[in-house]
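Here is what each chain is made of, one letter per residue.
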Number of protein chains: 2
Amino acid sequence: MTRKRVYFFGGGRADGRGAMKNLLGGKGANLAEMTNLGIPVPAGFTISTEVCIHYYERGGDFPDGLEADVDAAVKMVEDVMGGGFGNSDDPLLFSVRSGARVSMPGMMDTVLNLGLSEKTVAGLIAKTRNERFVYDSYRRLIQMYANVVMGIEMDGFHNLLEAKKSERGVKDDMELSAQDMKDLAGQFKVKVKELSGKEFPDNPREQLWGAIRAVVQSGNIPRAVSYRRLNDIADDWGTAVNVQAMVFGNMGEDSATGVAFTRDPATGERVFYGEFLPDAQGEDVVSGVRTPHPINLAQKKDGDEESLEEFMPEIYRDLDTIREKLELHYTDTQDIEFTIQRGKLWMLQTRTGKRTAEAAVRIAVEMEADGLISRKTAVMRVDPHQIEQLLHKRIDPDASYEVLTTGLPASPGAAVGRVVFTAEDAVSWAADDDPEKHRTVLVREETSPEDIEGMNASQGFLTARGGMTSHAAVVARGMGKCCVAGAGDLKIDYATKTFKVGGLVVKEGDWITLNGATGEVILGKVATVDPELSGYFATLMEWADEFRQLGVRTNADTPEDAAIARGFGAEGIGLCRTEHMFFGEDRIKYIRAMIMAADEAERREALDKLLPFQRSDFEGILEAMKGRTVTIRLLDPPLHEFIPHSEEEIEELAKDLGKDPERMKEKAASLRESNPMLGHRGCRLGITFPEVYEMQARAIFEAACSLTKKGVDVKPDIMIPLVGEPKELSILRELVERIGVEVMKKNGVEVDYHIGTMIEIPRAALVADEVAEHADFFSFGTNDLTQMTYGYSRDDAGSFLKGYIEKGILVCDPFQSIDVKGVGALVKMAVEKGRSVNPELHVGICGEHGGDPESINFCHHAGLDYVSCSPYRVPVARLAAAHAVLRARMRTEG
Amino acid sequence: MTRKRVYFFGGGRADGRGAMKNLLGGKGANLAEMTNLGIPVPAGFTISTEVCIHYYERGGDFPDGLEADVDAAVKMVEDVMGGGFGNSDDPLLFSVRSGARVSMPGMMDTVLNLGLSEKTVAGLIAKTRNERFVYDSYRRLIQMYANVVMGIEMDGFHNLLEAKKSERGVKDDMELSAQDMKDLAGQFKVKVKELSGKEFPDNPREQLWGAIRAVVQSGNIPRAVSYRRLNDIADDWGTAVNVQAMVFGNMGEDSATGVAFTRDPATGERVFYGEFLPDAQGEDVVSGVRTPHPINLAQKKDGDEESLEEFMPEIYRDLDTIREKLELHYTDTQDIEFTIQRGKLWMLQTRTGKRTAEAAVRIAVEMEADGLISRKTAVMRVDPHQIEQLLHKRIDPDASYEVLTTGLPASPGAAVGRVVFTAEDAVSWAADDDPEKHRTVLVREETSPEDIEGMNASQGFLTARGGMTSHAAVVARGMGKCCVAGAGDLKIDYATKTFKVGGLVVKEGDWITLNGATGEVILGKVATVDPELSGYFATLMEWADEFRQLGVRTNADTPEDAAIARGFGAEGIGLCRTEHMFFGEDRIKYIRAMIMAADEAERREALDKLLPFQRSDFEGILEAMKGRTVTIRLLDPPLHEFIPHSEEEIEELAKDLGKDPERMKEKAASLRESNPMLGHRGCRLGITFPEVYEMQARAIFEAACSLTKKGVDVKPDIMIPLVGEPKELSILRELVERIGVEVMKKNGVEVDYHIGTMIEIPRAALVADEVAEHADFFSFGTNDLTQMTYGYSRDDAGSFLKGYIEKGILVCDPFQSIDVKGVGALVKMAVEKGRSVNPELHVGICGEHGGDPESINFCHHAGLDYVSCSPYRVPVARLAAAHAVLRARMRTEG
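Q: Summarise the pattern of salt bridges; cite the residues concerned and give the values.
A: Residue and element names in this part refer to chain B. Evaluation of the coordinates by the stated rule reveals 124 salt bridges over all chains. Between R355 and D332 there is a salt bridge, and its shortest N-O distance comes to 2.9 Å. Linking R355 in the loop between β13 (344-352) and α13 (357-369) with D332 in the loop between α12 (313-330) and β12 (334-341), this pair joins segments that are 23 residues apart in sequence. Just as R355 is buried, D332 falls in that class too. In this structure, the salt-bridge partner of R375 is E368, at a minimum N-O distance of 3.4 Å. Residue classification places R375 among the partly exposed positions, given a relative accessible area of 32%.

Q: Could you give me a rundown of the side chain of T554 of chain B, with the residues and numbers involved?
A: Tracing the backbone shows T554 of chain B in strand β27 (residues 551-555). With residues up to four places along the chain from it excluded, the contact list for T554 of chain B reads A565, A570, G572, I573, G574, L575, S868, C869, S870, P871 and V874 of chain B.

Q: Describe unusual backbone geometry, listing the residues and the values that go with them.
A: The phi torsion at L722 of chain A lies on the positive side, around 65°, for a residue other than glycine. When its relative accessible area of 0% is taken as the criterion, L722 of chain A is described as buried.

Q: Tell me about the relation of the copies chain A and chain B, and please be specific about residues and values.
A: Between chain A and chain B, which share one sequence, the superposing operator has a rotation angle of 180° and an axial displacement of 0.2 Å; the RMSD is 0.2 Å. Look at the turn and shift together and you get a two-fold axis relating the two. Of all interface residues in chain A, 100% are interface residues in chain B too; the two copies therefore contact each other through one and the same surface.

Q: Quick rundown of the confidence of the model for chain A? Include the residues and the values.
A: Summarising the model, chain A shows a mean pLDDT of 90, and 95% of its residues fall at 70 or more. At the level of chain-chain contacts, confidence expressed as ipTM amounts to 0.76, with global pTM at 0.78.

Q: Lay out the packing of aromatic side chains in plain terms, naming residues and giving numbers.
A: Residues and elements named next belong to chain A. Counted according to the given criterion, the structure contains 36 aromatic pairs over all chains. Look at Y55 and F62: their rings are 4.7 Å apart centre to centre, the planes differ by 40°, and that puts the pair in the tilted class. Across the pair, exposure class does not vary: Y55 and F62 are buried alike. Aromatic pair F582 and F642: ring centres 5.9 Å apart, planes at 70°, arrangement edge-to-face. Taken together, the residues F582 in the loop between β28 (573-577) and α22 (588-595) and F642 in the loop between β29 (629-633) and α24 (647-657) connect sequence positions 60 residues apart. For F642, a relative accessible area of 1% corresponds to the buried category.

Procedures and definitions
- Residues numbered from 1 in each chain as written.
- Chains lettered and ligands numbered in written order.
- Predicted model: local features only at pLDDT ≥ 70, side-chain atom pairs only at ≥ 80, totals over all residues.
- Heavy atoms only, no water.
- Salt bridge = Lys/Arg side-chain N within 4 Å of Asp/Glu carboxyl O.
- Helix = DSSP H or I, 4+ residues; strand = E, 2+ residues; numbered from the N terminus.
- Buried < 20%, exposed > 50% of the residue type's maximum accessible area, 1.4 Å probe, protein only.
- Contact = heavy atoms within 4.5 Å.
- Least-squares fit on C-alpha atoms with pLDDT ≥ 70 in both.
- pLDDT = per-residue confidence, 0-100.
- Phe/Tyr/Trp six-rings, centres within 6.5 Å; stacked < 30°, edge-to-face > 60°.

This is how it looks when you write it as structure tokens:
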């Protein structure tokens, strides 16, 4: 490694640049960039990610010469900031923070106040004349260092702090005296020795290297690995180490620290938005230990403490100017951290601000309008994953309910679920088969990175402490989940798994509802409604449509679903499952009679009774999609899914049908299968019982003819499922065409229809050229294709899939995002082979993957004509399809 | 179509040649060839297969000008044979027979005696002065024509014949008089009119064309289609029509008809072997209506009627000369039909003689020794499918049993099964889940082509009538099944489903045993033993080994199976399943304790107890295969296969293990899967419970080390099943290697081992390049690969697979013979991708297909290194592997 390893920044000039994210991490690159922009940033230096990778590769060795480079950089910082690291008269302190390429808030470890020792403590007291501040800083250093570098649990320190407070009869840390802090520092050091057997290092240089090493190592601890997995970040990226001169927001009443967003991260409104705490360190704001104050008057609500705008008007104005400068420079909303030390403003960090979907859409559209960004960029700024939340329920405005208590509306939407108190419980309840147990709301004093997986498993989060930028709030917005934070009335008792509000006790398993728009917490289930979409949203969707090449259809079985999907912009139905239509109270008996029929004649009799139902179903859905393609899949599931399983139910059914109960039981038993997924279903039923598909084809053509006669434009596409061998399709195509000719002739009407197949069996992809000879279209049924390609039963894979993802064997659940290497190879093969014999072949996807942005990107590149997904994912798909085009264009354009 | 359509033969010259099988069918080409060889063949002509294809394509139209061609050919026949077709003074009669490219005995329809009418009957009587013969021929014509051309059931005619016999008080047709036959002819004509509403045509020309059309159409009737399917003959081959002058074996005491083989078709011995009937037509011999006489003294046994050698010594000598000529010309054993008409010998047909496997081997080896054929040809002469029968059981020579009765030893081997009386019953009993009901012996008066599928489903056949060349006998030898024919003591009553021998009644479901070597029929089950293999067999196998390139291994789980397979020439074990070892009485409790363990510690405790068992299993099998590779597959099936299913059994197990029965039931329930085939099994278990694979790896290495120390050469290959993702293999490879290093170090011994995987999941084939990075070998598990590629559960596919084969959707059961297009494409892809990153990769197959000749041919061409199959199929595989090489060489060379 011959490259520069240590990058200095400070005093208006930096070795690095904002573009060096891979080398310096997001934070380091931004510190360099801000410095270059002339923004006041405490001086410091960044150790590059390559050093970290070197360290991992050599099993814990830093490159030769690194120490000298660090020493030189320390010297430069001292020159800019004044004082000296380890200098007992005028000590300079450092923070050490990790900086990964992609920001992972709270996930990487930080140590502050490095450089305090017995000697420098004395010097700093002499210099600042603020003994309490110095000892507070010292005990914080010990505590953090012990935890992050020496791996000691925080509990011991926390207990000592609490003991000190009760000894002193105070509630808040602020009320403790200098002596108290000094005592605590002493007790903490004893504790360190007691728990680790080692002394807390009194040597600043030893502290610095301990912290650097800890940051580098922290990139490989389980919670970092878990976060990366959830966010699809590669495991082999190193982390940079940022060493920066400390500035203090806790130096007294003329000091403060805060966090802000350049626009409202919840709504996207163009207002400066943030929080601060006087006389505090940054950790105090984000950890939610104290409830912060609003940054300006615009945000201030009744009862709120004094805003920064009032408290320090000049500083606020400076900050506001910096905000504008940053937005112009980065052309995106920034999330900034600042500290005011004795009346001087320092910027500690800027990064792209996380935002709700609503905010993302509004910011993108407004920035485009302001000429800050191009339309392309605006479209790319909104994450398709995120916008689904916009389309989801909110509390029904007409619902009446009693509010239990109110917290901060930290992330919008609504959450209805059963109360759980630990992340583990959230995960285990979510794994429960009972859908009523599935949905939980995680209730915590405050959340922490350890809770990530539990948060992923719940509907929403309720915290007793913490603000809009607390961990819970940030994570919730990122996940698109509802969060009510800082609901201070909550008295949580983890031991009994209950919380109290006033006299009321709410226990684990009780239903609650959160209103993310208002911060209301409601006991019980409250009705929710679908959202109205903003004009910004419609604009963004229009832009997405300008770029995308993939068509977007929906999977819908009813006219109602079809209507919702059309409202979201669906251009047709990619999958209309006919079997759901059979489950109606008035139909199920006929389908059962059909299944239990002794011979074809009896079977046809039952089918004749089903025909009118199917016909009217098809009329409804064809009419709802007026002139848009409706792809109707013929009967797919195995017949045993339609018949009852218990002995009594079968006996009752026998009575209904006038059949011998014993023979019925035999028949039911004979239908049971060892592996129904690989059994007698799909077109195999159509081959064995052609009369069933005949009835369905008849119903489709009769519906289409009847509507055509009424002047309604109809475009039915008939889809034969589970084809594995071309002859299956040719035989059934002939059957459908025969019925079509017959019905159309009888009605004197021509219907524009197509016949195609699902490609959901690996073999169909392998012989797709032969299949395509009989198909007008292919639709990839990637659920089944994934099951068979991987050999994973979706119903059973739960027992090992989670472990597979945890162990890194699978990057993600292949049922959620398409397996590009395996399943994707079959998809590409089928498209190529299919089009090689039938260039007109229309190709789409109708599995769950049709609504997953990564899978949609794959579909675009595989040359598909359209994707089809559930109605609520239609806008996701439209946006993801645009992203696929733009991402490719960006790659080509460089 | 401009080609010649009608090919004349007769009088020593023919238009066609033996090589024109595709155009003239097997029979027509051979008639032309025989004629060209100067062998006396009744003149005639063949209408080419192209005419038939034209007829199918045009929906029943013959090409223009065919009539004129036929007229011209009839004229040529008249010139050679004398007389005239339809000439009332000197009538010439014709037979019309179908001739497919490949001989399908008895499957295609035949009409004899065409040209008899009111007028020609009179003329023929005048000419022959044999009224009885003429009326017998006439009534036969009516009966056959009615059946074959007019589609009338035979029963009516049969009943009239029987009625006439009982009226006359006679038992045999022979005893009926000329007047009786004349009466019957009249009654038959009335019957025809009654049943069809049409007159039997009195015009010879109309008769001829009716018969030609019927033969052409008969190529498309269900029983022909069914035969082709069973014999893998393509459906779109046309049939030729052979029209030939009739010669009569039933013209009195100086006439006869017979069927013969140039060598003994049962043993292969170089003796002339055949049967004849004096004063009879060919149908009488093959239909088994009369029991024929031996052709020569060599065959004559006590009680047999006079042989042809005695009866007509000169004719016999002529026939024997023709036999030699034919064998020299065709360099293969021939199956010939001849007729002696008033002392003149006519050859009606010659074709390659069907033979038992034993005969095939001996004939091939002896013909090579005689310089008739090359060694290559000798190897190719034996069908690998067939030789398996040589390796199967025979009646235990030490068994004592009582013989119920004896018939002809028509096909060798032994059959033990339950008596069934209809082909349908054989099929439905074979479909029964109960293995005890599975095995049937089909008992019939005589079998017929309609019974083909039932015969396929039974162990063997017992008939009351018919000889060594009867339908039952020919089919049995072709299928490699045991048959006892012509057991005349049997009195079969289809109505009550019983047969009587003397006073004893045997009913449906009773066990019987057939001895195909002796013709004995035995009540009950008799012990059987494995066969001794002839020296001819060993010679042939050696020759096969000279040619083949594929290695042949065996699938064996026990030292006993391994020993049998080595005896058959297995070069290693391609699949040793470890799970079967767990089912022993002394082990199953530990595996159950392992499964039911509450935690890893408890699981390890149970595994520790299993370890010694596994170690001694592996020692046994490694020792049995001394120095040959033993491929050991780690645990594969889902855990629930090892635990009991009933509540009571689980409670008992709980008691045994000292566990709470309720928790055990829950645990058992939690292990149940919706689709176990796609569930938690194979390497997924190894990933979830690494301690299980650790124990197995330890057992393998400990066994290998212990044997190595004793000086036994061992070559264990460890196979990880069900890999779908390369990381699964890399993780488990690491695990196995770790244990290996540890055990080898402890023992101070180096073991030569490899680690590889089964390719049985489609995805593994798709990413085989990445898998191969961690594999020393691939072994295709084509059973599972077929299940997942087709989406067919082997356990459930029965409900539709049969229908699929019947409807021609599938050519054959893809679990029996590899699906080259789909599964084969994945196999080829995996081999190519695997070798692209790992050129040393050793590749084999261990699914059922490893013993199937067609699949072996595929494996050869896909570049596999070896196949592995069940011990009894090892010789089949050796021969099939040689065939694969020779077939390819033949294609290249010509």
